[in-house]
Amino acid sequence: MDKMKKSWKNHSGEIVNSKEDFDVIDCESCLFKHIIPLIDAKELDQYYQEEFYLNADHYIKHHTEDIEWGEIEYNEKYDIFDQQISKKNKRILDIGSGPGYFLKTGVERGWDVLGFEPGRPAYEFSSQELNLNIINQPFSYENYKNFGCFDIIHLNKVLEHITNPRQLLSFSFEILNPSGLISVSVPNDFNPLQEIACNYLDKEPWWVVPKDHINYFNFNSLSRLMNSIGLEVIYRTSNFPIELFLLMGDDYIGNNKLGREIHAKRKNFDIAMAKTKKTKFKREIYNQLADIGLGREITVIGKKIIPK
Ligand SMILES: [Zn+2]
């Protein structure tokens, strides 16, 4: 059966899922999947201020529990940044810096850091507890040029939440130094293991959460978006394909307790590889998984190439 197409303003494409009052379309103008109708930026800001950020206690607590595991991945990212950027006085901007642990690793490695964090609890934690340089605002048209230029701009779990990811990336590109990098990490949605688990376990796509997640990326659509603003993709990787647990009999969907247990298992795997000094080998495993579109989250790093 042909899938149905739907349009909203300038956005049009096949419907890949519908939930609540929203459809997810594979948008032919944006070239990635997103919900329609799109949510007005002001309404979205209100939703985050009233519902999302105030439930930040768990969010900060989980990050703090995860610190040993988190630092493995943070250091892997900074290893790539340090290989690519060899000058002194390197500056990194983290848009949506959350509790700040990623930037803390940067400070420890000698980077000059700045974070934008609109959520009040995460802002207070990162600026007061971790002593970091954080602006308690969204990164926006009004403020993006006020803080100088950067060698790295890091966006972890941001692009899936906002109404106009292309515009945010374009602003970031404008304040990126020549040869600078933009590193984007997002959930890997509508991936092959999710689709298999949906069919096998007769589930609705649990990762479709309108308002919270507006956009749904995979390697191809994210790379295409980054290329379209002038970045050359230099690195793609992923992390543990956590949906494997579903197919092995651990149905963690909607079960937070089991979800945390499974999360602990995948952390154990990464920590075991780090403790046996096999982090590079682990990274090869994840890079191979990235090549076939797997991994719960994906990271794509693009470089600003200035034509000579
Ligand atoms: Zn669109």
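The rules we used
Residues numbered from 1 in each chain as written. Predicted model: local features only at pLDDT ≥ 70, side-chain atom pairs only at ≥ 80, totals over all residues. Buried ≥ 20, exposed ≤ 12 C-beta atoms within 10 Å, placed from the backbone. Helix = DSSP H or I, 4+ residues; strand = E, 2+ residues; numbered from the N terminus. Contact = placed C-beta atoms within 7 Å. Pairing = 2+ DSSP bridges. Core = buried A, V, L, I, M, F, W, Y, C linked by C-beta atoms within 7 Å. Axes fitted to C-alpha atoms, helices over the stretch in contact; angles between N-to-C directions.

Student: Tell me what's going on with helix α8 (residues 219–228), and back it up with residues and numbers.
Tutor: Regarding α8, the residues found buried are Phe-219, Ser-221, Leu-222, Leu-225 and Met-226. At its buried positions, α8 is contacted by α6 (165–174), β9 (176–187), β11 (231–238), α11 (279–291) and β12 (297–304). One or two positions beyond α8, positive phi appears at Gly-230, with a value near 110°.

Student: Before we move on, can you summarise the sheet that holds strand β2 (residues 11–19) with the specific residues and values?
Tutor: The strands that make up a sheet pair up through hydrogen bonds in the backbone, lying either parallel or antiparallel. The antiparallel open sheet is built from five strands, whose spatial order is β1-β2-β3-β4-β10. Both outer strands of the open sheet, β1 (5–8) and β10 (215–216), are each paired with one neighbouring strand and no more. Two elements, β1 and β2, share four bridges in a ladder whose sense is antiparallel. In the sheet register, Ser-7 faces β2, and the bridge partner there is Ser-12.

Student: With reference to specific residues and values, describe the environment of Asp-151.
Tutor: Locating Asp-151 in the fold gives a position in strand β8 (residues 150–156). Taking the C-beta count within 10 Å as the criterion, Asp-151 has 22 such neighbours and is therefore assigned buried. Spatially, the C-alpha atom of Asp-151 lies 17 Å from that of Ile-134, the residues being 17 residues apart in sequence. If we ignore the near neighbours within four places in the chain, the residues touching Asp-151 are Ile-85, Lys-90, Arg-91, Ile-92, Asn-177 and Gly-180.

Student: Outline unusual backbone geometry, supporting the account with residue identities and numerical values.
Tutor: With an omega dihedral of -10°, the bond running from Ile-36 to Pro-37 counts as a cis peptide bond. Even without being glycine, Asn-131 reaches a positive phi, approximately 65°. Here Asn-131 lies in the loop between α5 (120–129) and β7 (134–135).

Student: Account for the nonpolar core, with residues named and values stated.
Tutor: One finds Ile-95, Ile-153, Ile-182, Val-184, Leu-222, Met-226 and Val-300 to be the most contacted residues of the largest nonpolar core, which totals 56 residues. Top element by residues in this core is β9. It accounts for five residues. When neighbours within four sequence positions are excluded, Ile-182 is seen to be in contact with Ile-153, Leu-169, Ser-172, Phe-173, Leu-176, Met-226, Leu-231 and Gly-302.

Student: Explain the sheet that holds strand β6 (residues 112–116) residue by residue, including any values.
Tutor: The seven strands lie next to each other as β7-β6-β5-β8-β9-β12-β11, forming an open sheet whose pairing is mixed. Each having just a single partner strand, β7 and β11 make up the two edges of the open sheet. As paired elements, β6 and β7 share two bridges and run parallel to each other. Bridging from a neighbouring strand, Phe-116 pairs with Ile-135 of β7. The sheet strands contacting α6 are β8, β9, β11 and β12, and the helix crosses β9 at an angle near 150°.

Student: Outline the pairing of strand β3 (residues 22–27), listing residues and values.
Tutor: Relative to β3, β2 runs antiparallel, the two sharing six bridges. In the strand pairing of β3, Glu-14 is matched with Asp-26. Counted between consecutive antiparallel strands, the loop separating β2 from β3 contains two residues, among which Glu-20 sits at a positive phi close to 50°. Note: β3 against strand β4 (residues 33–36), four bridges, orientation antiparallel. Directly across from Asp-23, in β4, lies its bridge partner Ile-36.

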